[in-house]
Amino acid sequence: MTFPSLLPQLPEVRGQYIENAPLSDITWLRVGGPAQVLYLPADEADLARFLAETHEEIPVHVLGAGSNTLVRDGGVPGVVIRLTPAFARTEVLEGNRIRIGAALLDKMAAKAAAKAGIAGLEFYVGVPGTIGGAIRMNAGCYGSETKDVLVEAIALDRRGRRLIVKPDELGHAYRHCSAPEDWIFTEAVFEGRADAPAAILERMDAISEKRAATQPIREKTSGSTFKNPDQTASKGRSAWQLVEAVGGRGRRKGGARFSEMHANFLINDGSASAADLEGLVEDIRAEIAAREGVDMHWEVKRIGLPERETP
């Protein structure tokens, strides 16, 4: 499956364009069709120019580490942006603060803060993905969330304008951010508290050990599939308990299955299509609605077209 060339409609950049780039190679679920164009920006200025000079009718998507994204089999029309190492730098600031590029993996952000003696970001060692994605979905685990440590974020809007955004402008809630969908986060400043690096690393090790014991982290997975529902509607049950309540633990569809270790983790056994994965989740979602009366919401982001809709 291939898309027609889009390059004549795109501006000149210092970064790199790749036509019909296979996205299954760079997403954790290892499925899906190609991007019509994959754009690897050289730096923030290059990205800003691209956004300012690209016609607004051309779809633009941002792909971080691909840890929380399901790319459909028909691929993604338009441009998929993947931030390069230029967006993964860190800088230690005064006042137990640290500036972190949006492309840096969350676990590396935790390690950078620990090295600097800044506590409070340990939870990121248990969060898959990048800092940009963490801001976009208020990522967190084990009682801590991004909103708890964020001081400010830098974003580019669809017109390439650079925005300095404070936490109260982001509307962070549980796995939610009310920032416009077309904002692309490029870096952020976080604040923790002073502590000995050895003590911080010890807490990080404990988080990593707990995660390895309870989650299928060595499988082709996107992490948590459903957001935890409203506790009143679910009668205090979490997402995995509702999946289990309808017999979802270990349920299969083609090469897709829900994990036996953690019932809210979606896994590609190696032969799944995106349609298998999405279909399995939608089956379970419908059963939970019908039998338990709870409307479940995807935590995984889905992009692209079903195979039959490919141009």
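This text follows the structure it describes.
Here we summarise the structure given alongside this text. The structure displayed is predicted, hence computed values, not measured ones.

### A word on the overall build of the chain
1) Next: Looking only at helices and strands, the chain has six helices and 19 strands in total.
2) Next: Computed over the C-alpha atoms, the radius of gyration of the chain is 20 Å, within 12% of the 19 Å expected from 2.2 N^0.38 for a compact globule of 311 residues.
3) Next: Seen through its C-alpha atoms, the chain measures out along the principal axes to roughly 55 × 50 × 30 Å.
4) Next: Burial statistics for the chain: of 311 residues in total, 51% are counted as buried.
5) Next: By sequence separation, contacts in the chain at least 24 residues apart represent 65% of the contacts at least 6 residues apart.
6) Next: Each charge sign in the chain was given a centre, from 38 positive and 43 negative side chains, and these centres are 3 Å apart.

### Some remarks on the layout of surface pockets
1) Next: Taken as a whole, the second largest pocket encloses approximately 180 Å³ of empty space.
2) Next: Forming the boundary of the second largest pocket are Asp43, Glu44, Ala86, Phe87, Arg89, Thr90, Glu91, Arg99, Ile100, Gly101, Thr186 and Glu187.

### Some remarks on the side chain of Ser24
1) Next: Position of Ser24 among the secondary structure elements: in the loop between strand S1 (16-22) and strand S2 (34-40).
2) Next: Note on Ser24: relative accessible area 18%, which makes it buried.
3) Next: Sequence-distant contacts of Ser24, that is, excluding residues within four places in its chain, are made with Arg30, Val31 and Gly32.

### Some remarks on the packing of helix H2 (residues 106-115) against helix H4 (residues 197-214)
1) Next: Closest axis-to-axis distance for the H2/H4 pair is 8 Å, and the angle between their directions is 155 degrees. Between H2 and H4, the crossing angle belongs to the class labelled roughly antiparallel. Across the interface between the two elements, Ala110, Lys111, Ala114 and Lys115 from H2 touch Pro197, Ile200, Leu201 and Met204 from H4.

### As for unusual backbone geometry
1) Next: In this structure, Asn96 takes a positive phi of about 60 degrees despite not being glycine.
2) Next: Its place among the elements puts Asn96 in the loop between strand S6 (90-93) and strand S7 (97-101).
3) Next: If you check the backbone angles, Asn138 has positive phi at about 50 degrees while not being a glycine.
4) Next: You can see Asn138 is positioned in the loop between helix H3 (131-137) and strand S9 (140-141).
5) Next: Judged by its relative accessible area of 0%, Asn138 is buried.

### What about the sheet that holds strand S3 (residues 60-62)?
1) Next: In space, the four strands of this open sheet follow the order S1-S2-S5-S3, with mixed pairing throughout. Here the strands that pair on one side only, and so sit at the sheet edges, are S1 and S3. The mean angle between the axes of side-by-side strands here comes to 30 degrees, regardless of whether they run parallel or antiparallel.
2) Next: When S1 meets S2, the two strands line up antiparallel, connected through six bridges. Residue pairing in the sheet places Tyr17 in a bridge with Tyr39 of S2.
3) Next: Where helix H1 (residues 44-53) meets the sheet, its contacts fall on S1, S2, S3 and strand S5 (76-81), and the angle it forms with S5 comes to roughly 150 degrees.

Calculation notes
Along every chain, residues carry numbers that run from 1 in the direction the sequence is written. Local features are withheld for residues below a pLDDT of 70 in this predicted model, meaning they are given only at 70 or higher, and side-chain atom pairs are given and counted only at 80 or more; totals for whole chains, interfaces and linings count all residues. Remark: hydrogens and water are excluded; side-chain values derive from all non-hydrogen atoms of the structure. In DSSP terms, a helix is any run of H or I states spanning at least four residues, a strand is any run of E spanning at least two, and both are numbered starting from the N terminus. Note on method: radius of gyration uses C-alpha positions; expected globular size equals 2.2 Å times residues raised to 0.38. Throughout this description, buried means an accessible area under 20% of the type-specific maximum (1.4 Å probe, protein chains only), exposed means over 50%, and partly exposed covers the range between. Contact criterion: two residues are considered in contact whenever any of their non-hydrogen atoms come within 4.5 Å of each other. Note that His is not counted, nor are the chain ends; the positive residues are Lys and Arg, and the negative ones are Asp and Glu. Note on charges: their place is set at NZ of Lys, CZ of Arg, CG of Asp or CD of Glu. Each cavity reported here is a set of points on a 1 Å grid over the protein atoms alone in which a 1.4 Å probe fits but cannot get out, each pocket an open set with protein on both sides within 12 Å along at least five of seven lines, and each lining residue one with an atom within 4 Å of a point. Grid points are joined across faces, edges and corners, and a volume is the space filled by probe spheres set on the points. Every angle, taken between N-to-C directions, lies between 0 and 180 degrees, and every axis is a line fitted to C-alpha atoms, over only the stretch in contact when it is a helix. Our angle categories are set so that under 35 degrees counts as roughly parallel, over 145 as roughly antiparallel, 65 to 115 as roughly perpendicular, and the remainder as oblique. Note on pairing: DSSP must find at least two bridges between two strands before they are called paired.

Shape is all these values report; function is a separate question.
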